[in-house]
Each structure stands twice: as C-alpha cells, then as structure tokens.
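Analysis of the macromolecular model
Take a look at the letters that make up each chain.
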Amino acid sequence: MTGTLTLSSKQSPFPFAAVAIAAYTGRAELAFIETAKGVTLDLDGQKLNNEEDIVHALAGAAGLSDDSANSSSFFALAKNLPSINAVPDVLVALDSLDDHLAFRTWDWIVWGALKGSIKIMGLLKNNQHLHILRWFSYLESLKPIQARSNKTLREGQVVTRFPPEPSGYLHIGHAKAAILNQYFAKMYKGKLIIRFDDTNPSKERTEFEDTILEDLKLLDVQGDIVTHTSDHFDALYNLALKMIKSGKAYTDDTEQLQMRDERGKGIASAHRDDSVENNLKHFEEMKSGSAEGLRWCLRAKISIDNPNKALRDPVIYRCNVLPHHRTGDKWKIYPTYDFACPAVDSIEGVTHALRTNEYRDRNPQYHWMIEALGLRKVNMWDFSRLNFIYTLLSKRKLHWFVDQGLVSGWDDPRFPTIRGIRRRGMTIEALTQFMFCITRMGFYWALNKKVIDPIAPRHWALVKDNLVLVTITGGPTEAEVKSVPKHKKNPDIGEKRRRNFVDDNEEITLMDWGNAIVRSKVFDESKKITSIQMDLNLNGDFRKTKKKITWLSHAPSASLVAVVLCDYDYLITKKKLEENDDVAAFVTPVTEFTEDALADANVHDLKPGDIMQFERKGYFVYDGEFIGVKKFIRIPDGKAANIASKAGVSTAAAVVTGSATPPVAPASKMYTVESVYGEDTQFEADTKMYKVGSVYES
C-alpha cells in the first residue's frame, strides 16, 4: 500500500532524507502543501511526524536491509550534524563517516543531514573524504532522487525551452542554459523547444538565427522544435488588451529617465489611474505607430513601492517602427521579454523554465504575469550563472573587439563564444561535465585535458630558434623508417613513422630510437652550440640516462613540416569589468604568442579540428594551413601557470622569431571536421563552422 508524504517545498531545514527515500522506494507519494507545518507520513493507518521515524517506516515497508549494529548511531549522527558549528568537530564526524562508508552504500538519514547543511557540503568539496563523495554522488545520481523535491517531473511530460535572442553569437554563458535544458528534457523523455526571442527588430537579423543553430550543433544540443516569439504576436497583443480591460495594465508617456527615477523612489506615474478607455485609445495609437503613439508605452499595474523593484509597474509593450525580420511592417509595437516570456512559455506548453539566479528577483513578476493573464502555470528553476575572470560575456563589449580589429572574428580562439572555445580545442564532453559541477575556472580546462589525453596522438615539433644540428656516427647508412605508436598507452589510435644535448662523453637517450654518446660540440662566437657529434650506442640502457632528447631527422627524405604554434592571453587585464568600465582602458597589449617550428611528417595526416599533443610542449588543435604553414592552437591544460594572465610579459616576448606569422583564418570560414575515431560527423546541416562529434562515440 502506498502512503502519502505531506510537506512544504519551502520547509527549512528541508527533509531531504524523508523525501529521497519516499521517491526511491515508491512507498509514498509526495504532496506539496505550502501551508503544511513540518513533514507528515500517512502509511498503513499510521501518521508519523518525525523524519527519523518516517525513514525507518519507509525503509521497513520497502524491505531495505538495516545495519542494526550501526543504524542507531548514525541516526544520532544525522540528528547532531546540523548543530555542530566548529569545523574541527565537523571534520571528526566526517572522518568517522568516511571510514564507515568505505565498503557500504546505504544510509538515507545521514545523506539527508549532509544535503541539508551548506557548511558540510562546502567542506566536502575539499576532496578529503572520498568515500563520502562516492556514496553521496551515487545516491544523488539515482533518477528518483533527482526528482525528489518536485513532483512535477514526470516521464514524457517535461517540456523545457532555450530562448536566445537572435542578435549575436552564443557564448559560454548561453551554453550552460542550453545544456541544462536539454539534459532535463532528455532525462525525462520530454521535449526541448528552441525559441528565438525576436521582440526587438532594432537588433535582430535572420542570419543570427542560422549562426545560433550552428552554435547549438557544436554543443550537441538539438531541439525537438524551433519556434519564435513572433509566432505569437497576435496572441500576445490580445493578452495585452485583456490586461488593459481588466485594469491590470495602463499606458504611460513618462520620459524614460523620469520613469526610472520614479520607479526607484516608489512614485506612481501620473497615468497609473487613467480610465480603461483612455488606455485602449493610447494603445491603439501605439499599434498604428503614429507620432502620438510613439510617445507611449504599456506598463503592468503591479505595485508602486514593492521592495522588489522588478514588481514596480514594469514596461510590457513599447513602440518600434523598424521592420521586423519575419513579420515585416505588420507591427509597430512589440512585447518586452518580461511579458512575452511567461506568456509564450505557457502557450507553448513549457513545464519547466530554467533561468540563472541573477533573474531570481524577477521570478515573482513572471508568476504575476501568468496569473494576471489567466494562463497555465509554469515551474521555475534557478541555476547559477557562470562567472569567469578576465573574460567578457557582454555582447556590446565583444562587438567592440571585433569592430576594432583586435580579434579575427567571432570565432577567434580568444573569444568566449561557442565557436571560439571549440576552435581552441574545448570538447563537448568536458564542457557538459563543467556545467554540472561548481568549481574553479581552471578546472574548466583540466576537465578537457582528462577527455583528450587518452585519445590525442603524440607528435614531435622543434622550435626553429636555437635548433642544433646533430651528426650521428654508427647509425644506418640509409634513411631508416620505424613505426611507433601514436600514443604509447593507447595503441588503438594507430602508429606513426619515425625517421631514424649535453656534456662531452655524456650518454643520452634519443627518444624512440636508442642511446648515443656525445663526442664533441661546436660553438659560435656567442657560445651558442651550433652542432654536435654523437656516436650511436643502441646497446645502452635508457634507464640510466638523465637526458631524454626529442629529435627530428634532417635527412632529405624526412619531409619536415613548417608549423606555427599559437598561444593566447586574456583579452583584458582586469579580472572582472564593471558595467561602466571603459573596455579600451583594460585591453591586454599582446594577446597572441607564436613560435615557428618544424614538425615531423606525420602531421600531414591531420585534418583541421584534430586534437593532438606535441610531446613536451602541450596539447594542440590543428587549425588549418595558411600560405604553406600549418597552424596549431595550444589547448590550455588547467594548470595554474598556464591559465594565469600573461599581461606582465613584455611585448618583445611576443615577437615571432623567424618567418612572419601566417594570417589568421577569416571569421566563419571554418572547416569540416570528422570524428576523432574517423566516423562521419553526426550533423549534416550547412554551416560555416566545423562540426565536431563526440570524442568517445563509437
């Protein structure tokens, strides 16, 4: 028999253990009643009000095994954890629990106590209690638990939406919203709507819709349907009329600066109590786009002085006489996002609207709109926005860099756009993992390294500056080719061909060949070594040599390849720009660093977008060939030294030695990239950007 667990979603501390075990065992339906006091279980004629008793009862009803020797002590621990304030005492309790969980899995009451403590969750992020983390993550991953505090998540009935404005390129901030919306839609076999919020003809163009769809494909995000807010302009206009007629909206001709000042001070507009007839007349003038109509806007009549300023009579319709890229000259008035978003969410059947927590103050406004319009309710979920250091996410400021010619385009590897980070070597797998963890920025690239390291083939490259010619005595009389694995720990990646410094008489190891003994060196006037004479000693023991030398064959048949290795710095010198900061004052003087090099002939096999490693130099993504020189972009690995700002490096350090830097590829002239393992790409859409499949897809 199934019972009922009654509680309020706003209860604090939240009874995580009771809700989780109810969802996991299926022995109790969740009933969220906001007026409920505490948590109550009705099961088999019993009514229980204590969370500990509830967990015992549901576990017993489901026949879960009980560690009788320890259960009472851990119920006591769960009861005491919320009241432990001193960090050393908390750590002692966590150490004891970590030891206990080394070979165990279940204990719902303790899981609930940990989940409800912000302090404990913070301490666990130090990764000092691995068994707790393993156990905690396992329980978190159980599908019934992921829906533990919201009964609205039902398989086949979840509809999410990703609503970008078609006025630019997607950046990494948009990526989190897109990935999370698809994640929940897929998890519950629901539907993801890609909706273009095209309510501002001053900014929007059709071509931006195409680029956004291309960007989403680069993220492996595929909507089930593509819609536009403009599909609902007629319905939204009728809803606005409904609000006016019901006295919940009024027209206003207050100047913008004055309106902003009045809203801030809680002063009512002079037109707030105008008659419905006058409001309808002014709204009709707005609709016609007349000179009189252009003076007016439509405001929701919510509150004058609510502490939440988002509720102080926001504007919900305004005039714009520019033609719309889809509807042409039909409309001269357009709804604001605050009005259109909740209305269209409800109309299109969205069940869960995900928004960053920076909009949390607007959530009451969202719910007010739906209630005032008499529409179906939509569940709102908040998620944390991404905050990066030395990174610009403002479209206006990114536009400035493009307009000033400081970057090559919107796909520049220094840009936080989807195109930019993918071109720099970020994988979908790492990006998705990053969106589901709360961690430091460096981990963003460290996750990526974990993804690419097992599958990145290894090659050699030597920087042209300070190259030393070595003559080997005792070697083969003719050029010798040796096949070695592209990745020593992953032979499935394939093989590469290797054509077969140091104190005098020192024995060194030539990587992938064998040992050699240094016999003599030649210096120039500046005491720089220009050549070395060595005797090959293939019988030598590589384990006894201190120096392992990377080398390339100088034989005419070696076909060495001219390459340029590119690394980048942040575009700005300030960790976080404020809204009113002049971006020009914080531009990093030098942001591109290049080195001319020679690489082994195996790089001829690479295709643009392929990820590989130049041994002892780092991970790179092949960007293409420009004027006979192959360009490789360094992929950050997450190490502190490699993600720190290079702004302190002198300009001279960034000057390229040798030949001139090859020109950067024009923006959007991107290349087609196959899967790492050679399969065809998953998406066939016509796109200027290259398509990259999963590095692990089979």
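Here, every reference points to the structure presented above.
Computed from a prediction, not measured in an experiment: that's the story for all the values here.

Criteria and cut-off values
- Residues numbered from 1 in each chain as written.
- Predicted model: local features only at pLDDT ≥ 70, side-chain atom pairs only at ≥ 80, totals over all residues.
- Heavy atoms only, no water.
- Helix = DSSP H or I, 4+ residues; strand = E, 2+ residues; numbered from the N terminus.
- Buried < 20%, exposed > 50% of the residue type's maximum accessible area, 1.4 Å probe, protein only.
- Areas by Shrake-Rupley, 256 points an atom, 1.4 Å probe, with all protein chains shown as cover.
- Polar contact = N/O pair within 3.5 Å; in protein donor to acceptor, adjacent residues only side chain to side chain.
- Salt bridge = Lys/Arg side-chain N within 4 Å of Asp/Glu carboxyl O.
- Phe/Tyr/Trp six-rings, centres within 6.5 Å; stacked < 30°, edge-to-face > 60°.
- Lys NZ or Arg CZ within 6 Å of the ring centre and 35° of its normal.
- Pairing = 2+ DSSP bridges.
- Axes fitted to C-alpha atoms, helices over the stretch in contact; angles between N-to-C directions.
- Parallel < 35°, antiparallel > 145°, perpendicular 65-115°, else oblique.
- Contact = heavy atoms within 4.5 Å.
- Nonpolar A, V, L, I, M, F, W, Y, C, P; charged D, E, K, R; others polar.
- Core = buried A, V, L, I, M, F, W, Y, C linked by side-chain atoms within 4.5 Å.
- Expected span 1.5 Å × (residues − 1).
- Arc of directions from axis to C-beta.

Scanning the protein from N- to C-terminus turns up 20 helices and 27 strands. When burial is assessed residue by residue, the protein has 50% of its 698 residues classed as buried. Working note: accessible area of the protein is about 33,400 Å², and carbon and sulfur atoms make up 50% of it.

Along the polypeptide, Thr588 turns up in the loop between β23 (561-568) and β24 (592-599). For Thr588, a relative accessible area of 4% translates into the label buried. A distance of 2.9 Å separates a polar atom in the side chain of Thr588 from the backbone oxygen of Tyr570. In terms of polar contacts, Thr588 uses its side chain to reach the backbone amide nitrogen of Ile572, at 3.4 Å.

Side chains bearing opposite charge may pair, as long as their charged atoms lie close to each other. Scanning all chains against the criterion turns up 29 salt bridges. Each of Arg161, Arg195, Asp345 and Glu348 takes part in salt bridges that share partners, so that together they form one network.

Pairs of aromatic rings are described using the distance from one ring centre to the other and the angle between the two planes. Under the counting rule described, the total for this entry stands at 19 aromatic pairs. With centroids separated by 5.1 Å and ring planes inclined at 75 degrees, the aromatic side chains of Phe184 and Trp381 adopt a geometry described as edge-to-face. Here Phe184, found in helix α9 (residues 172-187), pairs with Trp381, found in strand β13 (residues 379-383); they are 197 residues apart in sequence, far enough to count as distant. Aromatic pair Trp460 and Trp551: ring centres 5.7 Å apart, planes at 65 degrees, arrangement edge-to-face. Taken individually, Trp460 and Trp551 each receive the classification buried, so the pair is uniform in this respect. Cluster of aromatic residues (ring-pair linked, three or more members): Phe233, Tyr237, Phe283, Tyr317, Trp331, Tyr334 and Phe339. The ring of Tyr237 carries the charged tip of Lys287 above its face, separated from the ring centre by 5.4 Å.

The next point concerns the pairing of strand β27 (residues 629-635). For a regular strand, side chains alternate in direction, first toward one face of the sheet and then toward the other. In terms of burial, β27 is largely enclosed, as seven of its seven residues are buried. Residue alternation in β27 divides its side chains into two sets, Val629, Lys631, Ile633 and Ile635 and Lys630, Phe632 and Arg634, and both sets are buried. Both strand β26 (residues 618-626) and β27 contribute to a ladder of seven bridges, which runs antiparallel. Of the residues in β27, the one forming a bridge with Gly624 is Lys631. Between β26 and the antiparallel strand that follows it, β27, lie two residues; Ile627 among them carries a positive phi value of about 55 degrees.

Glancing now at unusual backbone geometry. One non-glycine residue, Asp220, adopts positive backbone phi at about 65 degrees. The topology assignment puts Asp220 in the loop between α10 (206-218) and β7 (225-228). A residue is classified by how much of its surface remains accessible, and Asp220, at 23% relative accessible area, is partly exposed. The backbone phi angle of Ile627 is positive, close to 55 degrees, even though this residue is not glycine.

Two numbers describe a pair of packed helices, the interaxial angle and the distance between the axes. Where α9 meets helix α18 (residues 428-435), the axes come as close as 10 Å, and the angle between the chain directions of the two elements is 80 degrees. In terms of orientation, α9 lies roughly perpendicular with respect to α18. Across the interface between the two elements, Ile172, Ala175, Lys176 and Ile179 of α9 pack against Leu431, Thr432 and Met435 of α18. For the contact of α9 with α18, the residue count by class is five nonpolar, one polar and one charged.

Relative orientation of the contacting elements helix α11 (residues 233-245) and helix α15 (residues 363-373) amounts to 80 degrees, with a least axis distance of 10 Å. Considering the angle they form, α11 stands roughly perpendicular to α15. Along its contact with α11, which presents Leu239, Lys242 and Met243, the element α15 presents Trp368, Ala372 and Leu373. Here the residues of the contact of α11 with α15 are counted per class, giving five nonpolar, no polar and one charged.

On to the sheet that holds strand β2 (residues 28-32), then. Taking strand neighbours across the sheet as the criterion, the four strands line up as β2-β1-β3-β4 in an open arrangement whose pairing is mixed. If you trace the sheet from one side to the other, it starts and ends with β2 and β4 (46-48), each paired once. If you compare each strand with its neighbour and ignore which way they point, the axes differ by 20 degrees on average. In this structure, strand β3 (residues 40-43) lies alongside β4, joined through three bridges in antiparallel fashion. Each residue of the ladder has a partner; that of Leu41, found in β4, is Leu48. Of the strands in this sheet, β1 (3-7) and β2 touch helix α1 (residues 16-25), which is tilted by about 150 degrees from β1. Those strands touched by helix α2 (residues 51-62) are β1, β2, β3 and β4, and its axis lies near 30 degrees from that of β3.

On to the environment of Phe339, then. Topologically, Phe339 is positioned in helix α14 (residues 337-347). Spatially, the C-alpha atoms of Phe339 and Gln365 are 9.1 Å apart, while their sequence positions differ by 26 residues. Excluding its chain neighbours within four sequence positions, the residues that come into contact with Phe339 are Leu236, Leu239, Ala240, Met243, Ile316, Tyr317, Met369 and Leu373.

Glancing now at the nonpolar core. Membership of the largest hydrophobic core comes to 50 residues, with the highest contact counts inside it found for Ile172, Leu216, Leu431, Met435 and Tyr444. Counting residues per element, this core draws most heavily on α9, which supplies nine residues. When near neighbours in sequence (up to four residues on either side) are disregarded, Tyr444 contacts Ile172, Ile421, Met426, Leu431 and Phe434. If you look at the next biggest cluster of nonpolar residues, it comprises 29 residues, including Phe233, Tyr237, Ile316 and Tyr334.

With that settled, the discussion passes to the sheet that holds β27. Within the open sheet, the seven strands sit side by side as β14-β25-β26-β27-β23-β24-β15. Their pairing is mixed. What marks the edges here is a single partner per strand, and that holds for β14 (458-459) and β15 (461-463).

With that settled, the discussion passes to α2. When the terminal C-alpha atoms of α2 are compared, their 16 Å separation across 12 residues agrees well with the 16 Å that a helix rising 1.5 Å per residue should span. Considered for burial, the residues of α2 that qualify are Ile54, Val55, Leu58 and Ala59. The buried residues of α2 occupy an angular sector of 125 degrees when the element is viewed end-on, so they sit on one face. For α2, the N-terminal capping position is held by Asn50, with its side-chain oxygen 2.9 Å away from the main-chain nitrogen of Glu52. Of the residues one or two after α2, Gly63 is the one with positive phi, at around 70 degrees.

Another aspect to go through is the side chain of Asp581. On the secondary structure map, Asp581 appears in the loop between β23 and β24. Judged by its relative accessible area of 19%, Asp581 falls in the buried class. One polar contact links Asp581 to Lys574, side chain to side chain, over a distance of 2.8 Å. Here the side chain of Asp581 touches Glu578 through a polar contact of 2.8 Å, landing on its backbone nitrogen. Excluding residues within four positions of it along the chain, Asp581 makes contact with Lys397, Lys574, Lys576 and Phe586.

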